[in-house]
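Close look at the chain arrangement
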Amino acid sequence: MLALGGQGGGVLTKWLVDTAEANGYLAQSTYIAGVAQRTGATVYCIEMFPADVAASIGKQPVFTPYPIPGDVDLVIAGEMAETGRAIEKGFVTPNVTTLIASSHRVYSVAEKSAMGDGILDQSIVAEVAASASKRFVCFDMQAAADEAGSVISSVLLGAIAATGALPFDRGAFEATIRGSGRAVEANLRGFALGFEGASRDTPLAAAPAEELPMATPEGVNGEALAARIAAELPKSVQAIALLGALRALDYQDASYADSYLDRVRDIASVDADAGGEHRAFALTAEVARQLALQMCYEDTIRVADLKTRRDRMRRVREQLAVHEDQPVRVVEYFHPRLEEVCDTLPAALGGFVSRSSGVQKLLAPFFRKGRTVATTSIGGFLLLYLLAKLQRFRRGTFRFGRQQAFIREWLDRIAAAAHEDYDYALSIAHCIEIVKGYGDTYARGLSRYRSMIDAVGRAATSDRAQTVRRLHRAALADEQGRAFSDALLELEAAR
């Protein structure tokens, strides 16, 4: 079994061992802990042997401390990416292994920090899992756990019981849950949903492509934005534009959301002149998506705002399944660099500090180590709450000025390119996705974007769209930038 922190892997292991021992089996469990909750799952190994057989031959079985590839009857993965890990480790064998997995995702650090869309395509994993195992049972077990008010371990146990992979009936597993004496009713509900889900299991398939639903605006400002979008923008881009406008409204204010729509409207006009109507205004849609992300960039003010929102604490309490009268302590880890602090300072002061090596050397020791802040304490909450209130002064910060200049440069480049080559303009609009985040991630993405634009500017006009796409793929290929450097060298050598 491969389980992440908080999924109850230890509890599920004990349930399985207790069930085996209560039904005439000798059992042993071992585990190898993962590095952290999402950089590596804990691998549990359970082995069991009939006690009466051992007694008849007068010998005790010797159990393995670790699962042996090719000889595992049942593999359980508490999350879809861990299904891939189990297959990669060789635990899953055709005609031998029953594979049970939850189709939900808990994104890894690598996925979240990727320069582009680093999210694993789980349909590929599901396809491989179905062919690599004797039987593959997969559905969203986390959703079932949420419905039952339990932890996913109870749903996994129900799925195990339904497959018949272990020599115990449903009643034996339910008796174990009752015997544990902990959250019995909730765990039995989760068990029942897991049993039902596995009994009707169907192969996991890629979700069909759906049209982006229109967001529901709230309040006077939201409704005004929706009305403006309906009046000024092509129908094919209205859904994405409304999402972007509402994001800008939440990020800053109504004026900022209007400036977002001003920019999208201007690009829509350029798009129409370039024949975009015949392409469903693809350029406008891509600009609307990327512009919202660039205008709502991540800074210390935004992070503090999100950390102190009431709905976040509500989600934390729901995920922990705590009662109203139970206290919860949340400790946040922060490691702002001097660069992030400069970004939040007034433009003149931030620019001065960023340009002065002497001042940076003096201040650097204060930002070498990260620090923790308990947002459930009065002091910790007030610290972030007051930082979030600097939102009204964001327009005067050092980062805001630089970001707006960068956005104007990007939009001007798209408008100029659209008149000569629509595909080239579309590729420029899309490649900006590598400029995101903050700190090293932001600096790395910005550097590659500027290198990309410089290199493309020296390419033949007819090859520019293809060149941008090739360099874009290379920029996303690895964090170190080796593929991107090789692509740039190859481009220079071809001239």
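Small disclaimer: the values here were computed from a predicted structure and weren't measured.

1. Observations regarding empty space enclosed by the protein
Within this structure, the stated rule accounts for 1 cavity of 30 Å³ or more. Those elements giving two or more residues to the lining of the largest cavity turn out to be α14 (300–307) and α16 (338–344). Of the residues in the lining of the largest cavity, the class split is 2 nonpolar, 3 polar and 3 charged.

2. With respect to the side chain of Ser427
By the secondary structure assignment, Ser427 is in helix α21 (residues 422–431). A relative accessible area of 7% places Ser427 in the buried class. Engagement of the side chain of Ser427 in a polar contact is seen with the backbone oxygen of Tyr424, the distance being 2.6 Å.

3. As for the layout of surface pockets
Estimates place the volume of the second largest pocket at around 620 Å³. Along the wall of the second largest pocket there are 25 residues; nearest its centre are Ile46, Glu47, Val72, Asp73 and Leu74. Looking at the lining of the second largest pocket, the elements that each hand over two or more residues are β3 (42–50) and β4 (74–77). In terms of residues, the lining of the second largest pocket owes the most to one element, β3, which gives 6 residues. Taken together, the residues of the lining of the second largest pocket break down into 19 nonpolar, 2 polar and 4 charged.

4. Notes on the pattern of salt bridges
Counting across every chain of the model gives 28 salt bridges. Across the salt bridge formed by Asp250 and Arg309, the nearest N and O atoms sit 3.0 Å from each other. One end of the pair, Asp250, is in helix α11 (residues 238–251); the other, Arg309, is in the loop between α14 and α15 (310–320), and 59 residues separate them in sequence. Arg309 sits in the partly exposed class, given a relative accessible area of 24%. Asp343 is paired through a salt bridge with Arg399; the nearest N and O atoms lie 4.0 Å apart. Residue Asp343 is located in helix α16, and its partner Arg399 is located in helix α20 (residues 398–418); the two are separated by 56 residues in the primary sequence. Taking relative accessible area as the criterion, Asp343 reaches 13% and is therefore assigned buried. Salt bridges sharing partners connect three or more residues here, namely Arg228, Glu232, Asp258, Asp262, Arg265 and Asp266.

5. Structural notes on the packing of aromatic side chains
Counted under the stated rule, the structure contains 11 aromatic pairs. Aromatic ring contacts, followed pair by pair, group Tyr25, Phe168, Phe173, Phe191 and Phe195 into a single cluster. Here Arg170 stacks its cationic end above the ring of Phe195, 4.4 Å away from the centre of that ring. The ring of Tyr442 carries the charged tip of Arg399 above its face, separated from the ring centre by 4.2 Å.

6. Re the pairing of β4
Residues Leu74 and Ile76 of β4 are buried on one face, and the alternating residues Val75 and Ala77, pointing to the opposite face, are buried as well. Sheet analysis places β4 next to strand β5 (residues 98–102), joined by 4 bridges and oriented parallel. Note on β5: the bridge partner recorded for Val75 is Leu99. Following the chain from β4 across helix α3 (residues 80–88) to the adjacent parallel β5, one finds a crossover that is right-handed.

7. Structural notes on the nonpolar core
Soluble, globular proteins show a tendency: their nonpolar side chains are buried together. Ranked by internal contacts, the top residues of the largest apolar core, which has 62 residues, are Tyr260, Trp410 and Tyr449. Not counting residues up to four positions away in its chain, the partners in contact with Trp410 are Val287, Gln290, Leu291, Ile428, Ala429, Ile432 and Tyr449.

8. Points about the environment of Arg368
Looking at the element boundaries, Arg368 is found in the loop between α18 (357–363) and β8 (371–374). Residues Arg368 and Leu166, 202 residues apart in the sequence, show an inter-C-alpha distance of 53 Å.

9. Digging into unusual backbone geometry
Despite not being glycine, Ala280 shows a phi value in the positive range, around 60°. The phi torsion at Phe281 lies on the positive side, around 50°, for a residue other than glycine. A residue is classified by how much of its surface remains accessible, and Phe281, at 12% relative accessible area, is buried.

10. Some details on the confidence of the model for the protein chain
Of the residues in the protein chain, 95% reach a pLDDT of 70 or more, and the chain-wide mean stands at 89. Confidence drops under a pLDDT of 50 for residues 203–209, and excluding neighbours within four residues, the segment shows 6 contacts in the predicted structure.

11. A look at the pairing of β5
Here β5 lies mainly inside the structure; 5 of its 5 residues are buried. Sheet topology places β5 next to strand β6 (residues 135–139); 5 bridges connect them, and they run parallel. Bridging across to β6, Ala101 finds its partner in Cys138.

12. A look at the packing of helix α1 (residues 9–22) against helix α8 (residues 170–180)
The interhelical angle for the contact between α1 and α8, taken along N-to-C directions, is 115°, at an axis separation of 9 Å. Crossing geometry of α1 relative to α8 is assigned as right-handed. Of the residues in α8, those touching α1 at Trp15, Leu16, Asp18 and Thr19 are Ala172, Phe173, Thr176, Ile177 and Ser180. Looking at the contact of α1 with α8 residue by residue, the classes come out as 5 nonpolar, 3 polar and 1 charged.

Calculation notes
- Residues numbered from 1 in each chain as written.
- Predicted model: local features only at pLDDT ≥ 70, side-chain atom pairs only at ≥ 80, totals over all residues.
- Heavy atoms only, no water.
- 1 Å grid on protein atoms, 1.4 Å probe; cavity = no way out; pocket = protein on both sides within 12 Å on 5 of 7 lines; lining within 4 Å.
- Points joined across faces, edges and corners; volume = space filled by probe spheres on them.
- Helix = DSSP H or I, 4+ residues; strand = E, 2+ residues; numbered from the N terminus.
- Nonpolar A, V, L, I, M, F, W, Y, C, P; charged D, E, K, R; others polar.
- Buried < 20%, exposed > 50% of the residue type's maximum accessible area, 1.4 Å probe, protein only.
- Polar contact = N/O pair within 3.5 Å; in protein donor to acceptor, adjacent residues only side chain to side chain.
- Salt bridge = Lys/Arg side-chain N within 4 Å of Asp/Glu carboxyl O.
- Phe/Tyr/Trp six-rings, centres within 6.5 Å; stacked < 30°, edge-to-face > 60°.
- Lys NZ or Arg CZ within 6 Å of the ring centre and 35° of its normal.
- Pairing = 2+ DSSP bridges.
- Right-handed = clockwise from strand over helix to strand, strands pointing away.
- Core = buried A, V, L, I, M, F, W, Y, C linked by side-chain atoms within 4.5 Å.
- Contact = heavy atoms within 4.5 Å.
- pLDDT = per-residue confidence, 0-100.
- Axes fitted to C-alpha atoms, helices over the stretch in contact; angles between N-to-C directions.
- Left-handed = near helix turned anticlockwise from the far one by under 90°.

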